[in-house]
Amino acid sequence: MARQQLQVLDALDVAKTQWYHFTAIVIAGMGFFTDAYDLFCVSLVTKLLGRIYYTHPGAVKPGTLPPNVAAAVNGVAFCGTLSGQLFFGWLGDKLGRKRVYGMTLLLMVICSVGSGLSFGSRPQAVIATLCFFRFWLGFGIGGDYPLSATIMSEYANKRTRGAFIAAVFAMQGFGILAGGMVAIIISASFKSAFPAPAYQDNAAASTVPQADYVWRLIVVFGAIPAALTYYWRMKMPETARYTALVAKNAKQAASDMSRVLQVEIEAEQDKVDAAAETEGANFGLFSKQFLRRHGLHLLGTTTTWFLLDIAFYSQNLFQKDIFSSIGWIPPAKTMNALDEVFRIARAQTLIALCSTVPGYWFTVAFIDRIGRFAIQLMGFFFMTVFMFALAIPYDHWTHKDNRIGFVVMYSLTFFFANFGPNATTFVVPAEIFPARLRSTCHGISAAAGKAGAIVGAFGFLYAAQPKDPTKRDAGYPAGIGVKYSLILLGCVNALGMIFTFLVPESKGKSLEEISQEN
């Protein structure tokens with residue numbers, strides 16, 4: 001950039017909070033609503049899939065998904081998300097944010113529907129098609145991370161930018177909540193329409209044939225919110241920062257933002273041309289100049305997101321196992337299939353309502369007051385404290401009288417994940433890199449996070465298995481148990497605190513000032 005800020009960018013930086021800010025939050029946020037709904041609803045239906053497709057006649061306990069199948073169903077969407085974050089992050093800088101934005105949503109809608117219409121009735125056919133569509137669903141979801149964050153950061157004013165980006169991400173909380181509520185409504189409706197005995201009373205009759213529709217309906221519902229926002233995404237103009245700083249078209253940027261802000265803005269094409277000719281202004285991602293200016297920043301955003309997601313996703317995906325192990329959900333054999341879905345959904349919804357959703361909105365309220373750095377450091381610190389508080393006296397928490405205490409402590413780790421690094425690791429990469437690399441760098445940071453999610457999801461699946469073979473899930477080797485898994489996650493959070501010191505504070509500054517573009 002030239003020394004002076006372009007008028008169109010200055011107008012965005014100092015704009016009062018207006019209606020278009022809120023419409024942008026909802027349009028971008030509905031993608032995250034769908035993302036969270038789709039990624040987390042699978043944890044509600046895995047137990048049901050196990051009962052329907054993997055129950056062996058005469059078995060003492062209802063069927064569960066074999067280790068390799070459970071890992072595939074849980075992990076395949078993450079692999080797709082990681083690929084999508086890298087691909088669409090790069091594409092968002094190459095073709096423009098808006099041109100790519102509709103593709104991701106379309107992919108989500110098609111694949112949500114496809115996931116629920118898995119072909120065939122044999123276990124292998126159902127799981128194979130489910131995994132195929134979940135991979136491409138994840139691919140679309142992955143694209144939404146860098147694009148939504150970048151679009152929101154480039155539209156927002158500098159005073160409340162953090163809150164706006166965090167509000168987009170906070171729609172995940174409502175997605176998790178909706179996943180739980182949809183599962184509760186569908187399972188309760190089917191339960192009253194098709195009563196069934198508990199597994200221990202009559203194993204064959206405990207899973208009614210109609211249960212196959214339950215998981216399909218839960219999964220397909222994820223397509224509805226995404227489909228509703230497609231039209232509005234297509235109507236959004238390209239961000240002025242991309243048009244002016246990357247596409248070098250100041251006239252178009254001024255015209256687009258004059259319409260959005262409803263003020264007259266001068267084009268200033270000469271400033272854009274002068275900036276383009278400045279020596280060293282167009283360094284690439286793999287250049288020495290990028291390494292010198294932003295190398296440590298990128299290391300900070302990738303490592304903190306990676307470490308956070310190891311802890312966050314292992315907790316989230318396996319809530320139902322933790323609830324079962326402390327006795328909050330009764331043993332599987334004492335319930336029928338639909339009752340189990342209902343109880344798991346109820347427990348997850350309660351956790352979301354009490355800790356997950358409030359945590360996100362606390363970040364929205366405070367991020368532009370106390371800053372990203374303080375929130376991230378505080379979040380990692382309290383996650384570490386509560387993990388150790390759960391893990392070290394773990395046997396104490398498993399006693400019937402202390403279960404409520406366990407759930408309160410467990411909820412607090414979620415609260416401080418969301419009023420902490422889960423939100424800030426999403427916000428900061430959208431602010432601290434230059435416009436022409438912003439979407440790419442956010443995609444790289446997010447992909448590192450998803451790599452952490454894969455480690456957390458797969459690692460915890462095996463690590464949390466008890467040493468006692470009678471308490472272990474069928475087909476799993478002995479793990480280190482829930483207690484030592486939680487200690488390990490506490491150590492991961494402590495590392496996250498250390499790497500937070502590599503990430504700069506971006507509160508109250510313009511994007512060009514932070515990325516040194518002006």
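Residues numbered from 1 in each chain as written. Predicted model: local features only at pLDDT ≥ 70, side-chain atom pairs only at ≥ 80, totals over all residues. Heavy atoms only, no water.

1. Quick word on the overall build of the chain
Of regular secondary structure, the chain possesses 21 helices and 0 strands. The C-alpha radius of gyration computed for the chain amounts to 24 Å, which stays within 12% of the reference 24 Å derived for 518 residues, consistent with globular compactness. For the chain, buried positions account for 61% of its 518 residues. Partitioning the contacts of the chain with sequence separation of at least 6, the portion at a separation of at least 24 is 83%. Carbon and sulfur atoms make up 67% of the accessible area of the chain, which totals about 19600 Å². Here the chain holds 43 positive side-chain charges and 32 negative ones, and the gap between their average locations is 6 Å. (Helix = DSSP H or I, 4+ residues; strand = E, 2+ residues; numbered from the N terminus. Rg over C-alpha atoms; globule rule 2.2 N^0.38 Å. Buried < 20%, exposed > 50% of the residue type's maximum accessible area, 1.4 Å probe, protein only. Contact = heavy atoms within 4.5 Å. Areas by Shrake-Rupley, 256 points an atom, 1.4 Å probe, with all protein chains shown as cover. Lys, Arg positive; Asp, Glu negative; His and termini not counted. Charge placed at Lys NZ, Arg CZ, Asp CG, Glu CD.)

2. A word on the nonpolar core
Here is a general trend for soluble globular proteins: nonpolar side chains tend to be buried in one another's company. If you look at the biggest cluster of nonpolar residues, it comprises 152 residues, and the most contacted ones within it are Tyr145, Trp215, Ile218 and Met257. Counting residues per element, this core draws most heavily on helix 2 (residues 19–54), at 20 residues. Among all residues touching methionine 257, those that are not within four sequence positions of it are Val8, Leu12, Tyr155, Pro237, Glu238, Ala240, Gln262 and Ile265. (Core = buried A, V, L, I, M, F, W, Y, C linked by side-chain atoms within 4.5 Å.)

3. What to know about empty space enclosed by the protein
A full pass over the atoms with the stated rule returns 4 cavities of 30 Å³ or more. In this structure, the largest cavity spans a volume of roughly 60 Å³. Around the largest cavity sit Phe40, Tyr145, Phe169, Gln172, Trp305, Asp309, Phe312, Tyr313, Asn422 and Lys450, which together line it. If you list the elements that add at least two residues to the lining of the largest cavity, you get helix 6 (161–193) and helix 12 (288–317). Of all the elements, helix 12 adds the most residues to the lining of the largest cavity, at 4 residues. In terms of residue class, the lining of the largest cavity is made up of 6 nonpolar, 2 polar and 2 charged. (1 Å grid on protein atoms, 1.4 Å probe; cavity = no way out; pocket = protein on both sides within 12 Å on 5 of 7 lines; lining within 4 Å. Points joined across faces, edges and corners; volume = space filled by probe spheres on them. Nonpolar A, V, L, I, M, F, W, Y, C, P; charged D, E, K, R; others polar.)

4. Focus on unusual backbone geometry
Phi is positive for lysine 248, which is not a glycine, with a value near 60°. If you trace the backbone, lysine 248 turns up in the loop between helix 9 (240–246) and helix 10 (250–261). Phi at glutamine 262 takes a positive value of approximately 60°, unusual for a residue other than glycine. Among the residues examined, glutamine 262 registers a relative accessible area of 69% and is labelled exposed.

5. Comments concerning helix 11 (residues 269–277)
Every buried residue belonging to helix 11 is among Lys271, Val272 and Ala275, and all of these are buried. In an axial view of helix 11, the angular spread of the buried residues amounts to 100°, which keeps them on one side of the axis. Along helix 11, the residues that are exposed and aim more than 90 degrees away from the buried face are Asp270 and Glu277. Residues of helix 11 that are buried sit in contact with helix 9 and helix 10. (Arc of directions from axis to C-beta.)

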